[in-house]
Amino acid sequence: VSSRGTLSLAPAGLIARHPSRRRLAPARRWRMARLLKLLVVPALVAARCPFGGEGPLPGGHPVRGGRRGVAQAGFAEAVAKLDIDAVKEDLKELFTKSQEHWPADFGNYAPFFLRLAWHSSGSYRISDGRGGSEGGHQRFDPERSWGDNTNLDKARALLMPIKVKYGLGLSWGDLIVLAGTTAIESMGGPVLGFCAGRVDAFDNADTVALGPSAVQEALYPCAVNGTCKTPLGSTTVGLIYLNPEGPLGEPNPAGSAKDIRDSFGRMAVNDSETTALIGGGHAFGKTHGACPAGAGASPMEDPANPWPGKCGTGKGKDAFTSGFEFQWTPEPLKWDNVYFKQLQDLEWEKYKGPADHWQWRIKNASPEQQKLGMLTSDVALTVDPEYKKLVEAWAKDQAPFDNAFAHAWYKIATRDMGPVTRCVGKLVPPAQEFQYPLPAPAAKLADFDEVRAIIKKVLTISYSVLPADVYDGKPNYGPLFVRLAWQCASTFRQTDWLGGCNGARLRFSPQKEWPANVALDKTLLVLKPIKDAFGEGLSWADLIVLAGNTAVESAGGRAMKFCGGRTDATDGKGSEYLAPRLSGATMDSVALKNEMEIMGVSLREWTALMGAHSLGQMHKTRSGYQGAWTSDPTKLSNEYFRELLLEEWEEHSVQNTKLLQYKAKGKELYMLKPDLALRLDPELSAIAQEYASDNDLFLSEFAAAWTRMMNADRFDGPTGNVCDKAVEKPTGAAPLVLLM
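Just so it is clear, the model here is predicted, and its values are computed rather than measured.

Student: I'm lost on the packing of aromatic side chains in this one. Help?
Tutor: Aromatic rings in a pair are described by how distant their centres are and how their planes are angled relative to each other. Per the stated rule, a full pass over the model turns up 29 aromatic pairs. An angle of 85 degrees between the planes, with centres 5.5 Å apart, marks the rings of Phe326 and Trp328 as edge-to-face. Among the residues examined, Trp328 registers a relative accessible area of 7% and is labelled buried. Taken together, Phe284, Trp335, Tyr339, Phe340, Trp394, Phe401, Phe405 and Trp409 form an aromatic cluster joined through their ring pairs. Between the NZ or CZ atom of Lys154 and the centre of the ring of Trp102, over which it lies, the distance is 5.3 Å. Above the plane of the ring of Tyr387 lies Arg261, whose end atom (NZ or CZ) is 4.4 Å from the centre.

See the structure below:
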């Protein structure tokens, strides 16, 4: 911000944050430069500024303009027709047909495919919903070149004939998870079910932020790899969870236990689930670290011949993947609880394996036991009190371990799919707690035309519970209802399909305590008589969205089709992961574009939605800001864009709160930093100019963007939306009971 109170661009400051680009190989330098060109645009800003002064920004997509979950035409129909049983039979046949180019350990690929699915699904993180198997992102860099994914290109190559055979209906995301699940089942392990419907991505744009990449460095820097904190999903960028050798490669079981709880917690996995997943995964297979020479160049470095292996033949007994060399249990193709029995009953000592990595062996091992081993992260389960209790319990009784593993595996493999309504197939189990299921809609829904008519009356009445703002001597709740609906819906994120207004969870903690939602609890009280009048036929979620729609329409917006049938949650579970991360102090273009990507809203949609700032005013007692954006805060129009582009804006410090906003020179009009972004950023400015010149265009595109956001969480299978075929006025609608 210059001394004259105008915003200045400083793109050099952004690029200077990535000095490591100089050290990258040529191919990687090209990729990083391309990513920076796509994702780092100067001077985009963010703030708390909903459509009444408070709350997080509507999102917008950087340059791609696409959304996760956009499938090829016919995908939903094809996956519904897929013969899952036939795919499973083909997988089981593949497991036991060892091939010369990559021989199977113990003559069976099942443990290899379990590792493939684990490492694909385990990239998920709850902080922003990125990662997981949907999208099949393990096929793309940087994920495919992670050290933890060494030689998994061979696993995908083995699956290629099955993928080609079943075509469109079998996505890579589904195939990878089904291969791992079938592998467990084939070795006698317990499984809960399988959720089909993962939509494949066509590039790495959804997960490049997982790192290592310039995008990750800009969004989620980690000064010392191995000590990375949330929102990164792992303690070590390039590994799934943590360094199994121990913190920073030191064989410290106590320190490793802390890293385990931390990194698994970033997937919202608890201690029981963590222990079950580790013990269940390590019941099978072996590690590979035949010599210190390593695996060779990664796919990013040498796509034509990735990970050739520098130990002898590079395969079979000479394979190098993790750098450790042992099998966990005497029968590595059999499901049992021997892993826990060995941890509890045997004494383990650390030593350097053939690849010079710290690993653990049985002290005074017999000849038969010399092939067995553990990682530091395994031994860690015996030194942490909570993990140790589970080890001891499951060493004695396998049944609770079986149950815990089946549920934990389904959770980790399915978490990124969102609600159960996105799942397809006969193997889908009942909705699980991590899917935050909602009750079914009422048998008879309210007559939404009658509800709308009452909302219109309430718009211009003032109630003592929360007096309406007064414009030209008349009370008007319209901007507040718009804000309520936006705050309810804008929690949606397309990375893992959490959030949205279905469930109306802003009625509960933690959403109702968020600073962005100040006074919305009282706004609900204004609407409560309408809710009471229509009873079960009108959910809070439907009422909130319909109130927002009605307010927009009454302010001059286009008529919008309302899609009813939302239901109400009984608690706020899941919301703890969705708190707004942007504030009025945010001045980071990369962070703002990151939020746009998470929400799955295009730049054009975002700009149109910002036009709702033509409604209402900011409240110092709520957001800390003050004033209205336009001369008529009761009218939705393109005046907002005209004022933004044509007026001269000066810095203004809000009295008492001292927050910075912008005031039009010589006028009582105010803007915030994100408003100025529309003027300063070339892409956003181009869109804003269109709207400033064409009110009809703005109103039409606002209505489309608003409707899409209000309906974003109304899932019908992996790609469908119930509102695409909804009828606004249901048959047998409940009659009006009480008029306002």
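Student: Honestly, the side chain of His652 in this entry has me stumped. Any pointers?
Tutor: Relative to the helices and strands, His652 is located in strand 7 (residues 649-653). According to the relative accessible area criterion, His652 is buried, its value standing at 19%. Here the side chain of His652 touches Gln626 through a polar contact of 3.2 Å, side chain to side chain. Here His652 is in contact with Gln626, Leu659, Leu660, Gln661, Tyr662, Lys663 and Tyr670, once residues within four sequence places are set aside.

Student: Before we go on, may I ask you to explain the packing of helix 9 (residues 253-265) against helix 10 (residues 271-281) in this structure?
Tutor: Helix-helix packing is characterised by the crossing angle of the two axes and by the distance between the axes. Closest axis-to-axis distance for the helix 9/helix 10 pair is 10 Å, and the angle between their directions is 105 degrees. Taken together, the axes of helix 9 and helix 10 lie roughly perpendicular to each other. Where helix 9 abuts helix 10, its residues Ile260, Arg261 and Phe264 lie against Asp271, Thr274, Leu277 and Ile278. Tallied by class, residues from the contact of helix 9 with helix 10 come to four nonpolar, one polar and two charged.

Student: Where do I start with the pairing of strand 1 (residues 348-352) in this structure?
Tutor: The side chains of a regular strand alternate, first on one face of the sheet and then on the other. Of the strand pairs in this sheet, strand 1 and strand 2 (residues 358-362) are connected by five bridges, and their pairing is antiparallel. The partner of Tyr351 across the bridge, within strand 2, is Gln359. Taking the residues that link successive antiparallel strands as the turn, the strand 1-strand 2 hairpin has five residues, and the phi of Asp356 there is positive, at about 65 degrees.

Student: What am I meant to see in the pattern of salt bridges here?
Tutor: According to the stated counting rule, one finds 36 salt bridges in the structure shown. We note a salt bridge from Glu349 to Arg361, for which the minimum N-O separation is 3.0 Å. With Glu349 in strand 1 and Arg361 in strand 2, this pair connects stretches of sequence that are twelve residues apart. The partner of Glu668 in a salt bridge is Lys663, and the shortest N-O contact between them spans 3.6 Å. Several salt bridges share partner residues, and in doing so they unite Arg125, Asp128 and Arg130 into one network.

Student: Would you take a moment to explain the layout of surface pockets for this structure?
Tutor: Any empty space left between the atoms is revealed when a probe the size of a water molecule rolls over them. If you add up the space inside the largest pocket, you get close to 940 Å³. Together, 42 residues line the largest pocket, and Arg115, His119, His282, Ser322 and Trp328 are the ones closest to its centre. Sort the elements by how many residues they give to the lining of the largest pocket and helix 5 (residues 110-121) lands first, with six residues. Residue composition of the lining of the largest pocket, by class: 21 nonpolar, 15 polar and six charged.

Student: How should I be thinking about helix 7 (residues 172-186) in this particular structure?
Tutor: Given 3.6 residues to a turn, an α-helix orients residues that are three or four positions apart in the same direction. Its 15 residues place the ends of helix 7 20 Å apart at the C-alpha level, agreeing with the 21 Å of an ideal helix rising 1.5 Å per residue. The buried fraction of helix 7 amounts to 13 of the 15 residues, a majority that puts the element mostly inside the structure.

Student: Is there a simple way to think about the nonpolar core in this case?
Tutor: A general trend in soluble globular proteins is that nonpolar side chains are found buried together. Core analysis: the biggest nonpolar cluster contains 88 residues, and Val451, Phe481, Ile530, Ile544, Leu678 and Trp706 have the highest contact counts within it. It is helix 18 (residues 540-554) that provides the largest number of residues to this core, a total of nine residues. Counting residues in each nonpolar core, the second largest holds 82 residues, with Val199, Leu277, Ile278 and Leu390 among its members.

Reading the values: rules and limits
Residue numbering note: each chain is counted from 1, following its sequence as written. Per-residue local features of the predicted model are confined to residues with pLDDT of at least 70, and side-chain atom pairs are confined, for both listing and counting, to 80 or more; whole-chain, interface and lining totals are unaffected and use all residues. Each side-chain value is worked out from all heavy atoms of the structure, with water and hydrogens disregarded. For this analysis, a ring pair means two rings from Phe, Tyr or Trp (six-membered ring only for Trp) whose centres lie within 6.5 Å, classed as stacked if their planes differ by under 30 degrees, edge-to-face if by over 60, and tilted for the remaining angles. Each residue is assigned to one of three classes by its accessible area relative to the maximum for its type, calculated with a 1.4 Å probe on protein chains only: buried under 20%, partly exposed between the two thresholds, exposed over 50%. Note on geometry: a ring has a charge over it if NZ (lysine) or CZ (arginine) is within 6 Å of the ring centre and within 35 degrees of the ring normal. Going along the chain from the N terminus, every DSSP run of H or I of four or more residues is numbered as a helix, and every run of E of two or more is numbered as a strand. Think of a polar contact as two N or O atoms within 3.5 Å of one another; within protein, one of them needs to be a possible hydrogen donor and the other a possible acceptor, and neighboring residues in sequence only count if both atoms come from side chains. By definition in these notes, contact holds between two residues if any of their heavy atoms fall within 4.5 Å. Every axis in this analysis is a line fitted to C-alpha atoms, fitted for helices over the stretch in contact. Angles between the N-to-C directions lie between 0 and 180 degrees. By the definition adopted for this analysis, an angle is roughly parallel if under 35 degrees, roughly antiparallel if over 145, roughly perpendicular if from 65 to 115, and oblique otherwise. The residue classification treats Ala, Val, Leu, Ile, Met, Phe, Trp, Tyr, Cys and Pro as nonpolar and Asp, Glu, Lys and Arg as charged. All others, Gly included, are polar. Each pair of strands is called paired provided DSSP finds at least two bridges between the two strands. One side-chain nitrogen of Lys or Arg within 4 Å of one carboxyl oxygen of Asp or Glu is enough to make a salt bridge. A 1.4 Å probe that fits into a set of points on a 1 Å grid over the protein atoms alone but cannot get out defines a cavity; an open set with protein on both sides within 12 Å along at least five of seven lines defines a pocket, and lining residues are those with an atom within 4 Å of a point. Grid points are joined across faces, edges and corners, and a volume is the space filled by probe spheres set on the points. Take the number of residues in a helix, subtract one, and multiply by 1.5 Å to get its expected span. Here, nonpolar core means buried Ala, Val, Leu, Ile, Met, Phe, Trp, Tyr and Cys residues that are tied together by side-chain atoms lying within 4.5 Å of each other.

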